[in-house]
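Spelled out, the chains give:
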Amino acid sequence: MWQKTYAWLDERLGLGDLYKNLLDRPEPHGNWWNTLGSASLFLFIIQVVTGIFLTVYYTPSPDHAYDSIQYIMNEVAFGWLIRGIHHWAASLMVLVVFVHMLRVFYTASYKYPRELTWLVGIGLLLLTIGMGFTGYLLPWHQMAYWATTVGTQIAGSVPFAGEFILQALRGGPDLSALTLQRFFSAHIWMLPALLALLVGVHLYLIIKHGESHFPDKED
Amino acid sequence: MNEETKKQINQKYERKLEHGERFWPDSIFKDVIVALGIFLVLILLATFVGVHDAPKADPSDTSYVPRPEWYFLFLFKFLALYGQIPVVGKIEWLATVLIPGIFMGLLTLLPFIDGSPRRYYAKRTMPIGIMSIMVLGIVLLTFLADVPTVLADGSSLLGTLQTIAGIVIPVIAYALFIFYAYKTKENAVRLTIITALISGVLMIVFTGAALALHQPPAVETAEVPHTLADQIVAGQELYSLYCVECHGDDGATTVIEGVQGLEGLEIMAINGKDVLYTLNDASLVEVINYGRPDAGMNPFGKAYNPEGLTRSQMDYIVTFMRYIWDDRFEAPEIKPLFPELAEGEVPSYEVHIQPIVKRYCISCHRPGKDSNEYYMDTYANILNSGENAGKNVIAGDMNSYLLQTIQGTPILDASGAEIIGVMPPNGSLKPDVVDALVRWIMAGMPETEAEADALSAPTPAP
């Protein structure tokens, strides 16, 4: 029965080809440093899943954002766990992505033929930091409010375009309901969509070129 | 890069693949182990460390010291140190835009800047040296985040130490790495390693010195009430401090008594349906925040009142009003103000009297209020402060002013004029509260629980 089902699915989905091309690949001898990329991906998936759960109760308005998070933490079943994981995975993701970048740098894995993988990777690093920055405002507590005030001020110190960037980030001269709405939108739609897209490109490039080997004296 | 080199690289990779492993299951196995480890760590962190909490955002509280997420701390520190440099330090965008922009640009374009096919570590001493020192600098600046650059007394010693550790030594090291890479071809590896080690150690030493010299101020951590019961209690305490003076401890006062400037003013009882059914939470917060100038109510929001309340605090007061006075809301179980007293038990200041005083008295009896300078904010002040010091509380004496006034007897002077009215001015204390105060003073005002226990009559055997 199972074999019949598998054969039926394989005919239509090409499971065997998928297995051959995605999983059954040869790789150079690796070590634990090679797991940082997949660890970043795992953390991204955790963030997507916990983040989706959080949007069920979170309200992006200055009147309700703080209270809705208090509600998640105290009233919703396992809300504290979901938010706790989202909070800590965010920190860990920045750390893991950064160390992943360092590993690639030290082993010079960014060189031919993997230059584009590096370029996309830098985009992923920046997007991860952007996720951290936009996500930090959402609880709408004192720390978030004032850190974002300063953070957007720094972005506003760019010569000539600064004023425009500041107003675009804040949706006006000051932090307001608009800022929260904007950061929320960026945090749950714009940046994750870009991130997912770039993750896809990054993974395609890795499968295409294979994992790089650790350099030896001849390299 | 010419075709020949590319072919060599690809051939080398093919050879490595032949002696390598399989993606499935070898690599996936390690990936899964790491993922499981991460998941476990996350659950432990979420369960046992939790999420640091802070009060609700309050745009009027500009005294709040902003603190970004930890991974931005090094940038903040860098900006602060950069501001110390004379002349260029004043051009902010150099540090906020240009320098980070150059670094990110170099990092992004790395494969195109470093186009050589050499990959072995010893052949790339300059980039590896620069990156190592930079990462060390980032880590150290993160640790230094809480150390100020200029002290209150104007001394900039800490700032100098930090600038040396975080900017001067790294810049010298980068310059040396570049110099070695281009000028000392054969010794480059050795020199780079030595320089990196020396500058790394120096950076750590200067950072350690700055950390050792810095005495962190005692951190005031604002406890954020989490459960509904805690929020109600927090609201009640704030209400006792800010509102009882005019509205009374049960909110039922209709004529203000004993408040300078508002004496005799008629107000609305705030514990009934007229207020609680017609105003929602947001409107109640607004009334507290902006006040009702026509009706005599001052604004209590921090933006309008220097001693005022933050957003969170106003929310707690409204929560308290809802759950205690509004009959549509059912309050969760709340701990009583003080533990019930047994027959013959003597109350103590720390367990019984302090919460009573905090709820019923301190709204007026504190510095800045018109209360004959009788302050009840500390144990010592309750015993001895104000114009009638020595008469307010007398051990074992039912004629103590405090005991007379709370039991409905005003204090009169020789000519019969009232010098202290009945306390509290509006309403009266509950019998168990009066009883606790009487027992406390009659037993000689013990401060700690142990002292009170020593004075208590032995519990009669059942």
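About the cut-offs
Residues numbered from 1 in each chain as written. Chains lettered and ligands numbered in written order. Predicted model: local features only at pLDDT ≥ 70, side-chain atom pairs only at ≥ 80, totals over all residues. Heavy atoms only, no water. Helix = DSSP H or I, 4+ residues; strand = E, 2+ residues; numbered from the N terminus. Rg over C-alpha atoms; globule rule 2.2 N^0.38 Å. Buried < 20%, exposed > 50% of the residue type's maximum accessible area, 1.4 Å probe, protein only. Contact = heavy atoms within 4.5 Å. Areas by Shrake-Rupley, 256 points an atom, 1.4 Å probe, with all protein chains shown as cover. Domains from an automatic or database assignment. Buried area = accessible area lost by both parts, 1.4 Å probe. Salt bridge = Lys/Arg side-chain N within 4 Å of Asp/Glu carboxyl O. Patch = residues over 30% accessible without salt bridge, like charges linked within 9 Å, V, L, I, M, F, W, Y side chains within 5 Å. Lys, Arg positive; Asp, Glu negative; His and termini not counted. Charge placed at Lys NZ, Arg CZ, Asp CG, Glu CD. pLDDT = per-residue confidence, 0-100. Expected span 1.5 Å × (residues − 1). Phe/Tyr/Trp six-rings, centres within 6.5 Å; stacked < 30°, edge-to-face > 60°. Lys NZ or Arg CZ within 6 Å of the ring centre and 35° of its normal.

Description of the overall build of chain B
Then step 1. Helix and strand content of chain B: 18 helices and three strands.
Then step 2. In terms of overall dimensions, chain B is more spread out than a globule: its C-alpha atoms have a radius of gyration of 34 Å, far above the 23 Å expected for 462 residues.
Then step 3. Buried positions account for 39% of the 462 residues belonging to chain B.
Then step 4. In chain B, the share of contacts with a sequence separation of at least 24, taken over all contacts with a separation of at least 6, comes to 57%.
Then step 5. Entry remark: accessible area of chain B is about 25,500 Å², with carbon and sulfur atoms responsible for 61%.

Observations regarding the domain arrangement of chain B
Then step 1. Taken domain by domain, chain B comprises domain 1 (16-51), domain 2 (67-213), domain 3 (228-325) and domain 4 (349-455).
Then step 2. For domain 2 of chain B and domain 4 of chain B, the distance between their C-alpha centroids amounts to 63 Å.

Description of the interface of chain A and chain B
Then step 1. The partner chain B presents 83 residues to the 82 residues of chain A that form the contact.
Then step 2. Both sides together, the interface formed by chain A and chain B hides about 7,700 Å², and carbon and sulfur atoms give 66% of it.
Then step 3. Our enumeration of links across chain A and chain B arrives at seven salt bridges.
Then step 4. Among the ionic pairs, Asp24 of chain A bridges to Arg22 of chain B, the shortest N-O distance being 3.2 Å.

Section: a negative patch on the surface
Residue and element names in this part refer to chain B.
Then step 1. Together, Glu350, Glu447, Glu449, Glu451 and Asp453 give the surface a local cluster of negative charge.
Then step 2. With three residues, the top contributor of residues to the negative patch is helix α18 (residues 449-455).
Then step 3. For Glu350, the position within the fold is in helix α14 (residues 349-360).
Then step 4. Of the residues examined, Glu350 reaches a relative accessible area of 42% and is grouped as partly exposed.

Topic: the confidence of the model for chain B
Then step 1. Across chain B, pLDDT averages 86, with 97% of residues at or above 70.
Then step 2. Confidence, expressed as mean pLDDT per element, reaches its minimum in chain B at strand β3 (residues 418-420) of chain B with 80 and its maximum at helix α2 (residues 23-49) of chain B with 95.

Here we look at helix α13 (residues 311-325) of chain B
Then step 1. For α13 of chain B, which comprises 15 residues, the first-to-last C-alpha distance of 21 Å matches the rise-based estimate of 21 Å (1.5 Å per residue) to within 8%.
Then step 2. Within α13 of chain B, eleven of the 15 residues are buried, leaving the element largely enclosed by the surrounding structure.
Then step 3. Taken as a whole, α13 of chain B has its buried residues at Ser312, Met314, Asp315, Tyr316, Ile317, Val318, Thr319, Phe320, Met321, Arg322 and Trp325 of chain B.
Then step 4. Looking at the buried side of α13 of chain B, the elements it contacts are α4 (65-74) of chain A together with α9 (228-242), α11 (273-276) and α12 (281-290) of chain B.

Regarding the packing of aromatic side chains
One pair of aromatic rings is described through two measures. These are the centre distance and the angle between the planes.
Then step 1. Evaluated as defined, the whole model comprises 25 aromatic pairs over all chains.
Then step 2. Both rings, one in Tyr110 of chain A and one in Trp118 of chain A, keep their centres 5.3 Å apart while their planes meet at 55°; by these two values the pair is tilted.
Then step 3. Exposure remark for Tyr110 of chain A: the relative accessible area of 0% places this residue in the buried category.
Then step 4. Lying across the ring of Phe23 of chain B, Arg25 of chain A places its NZ or CZ 4.3 Å from the centre.

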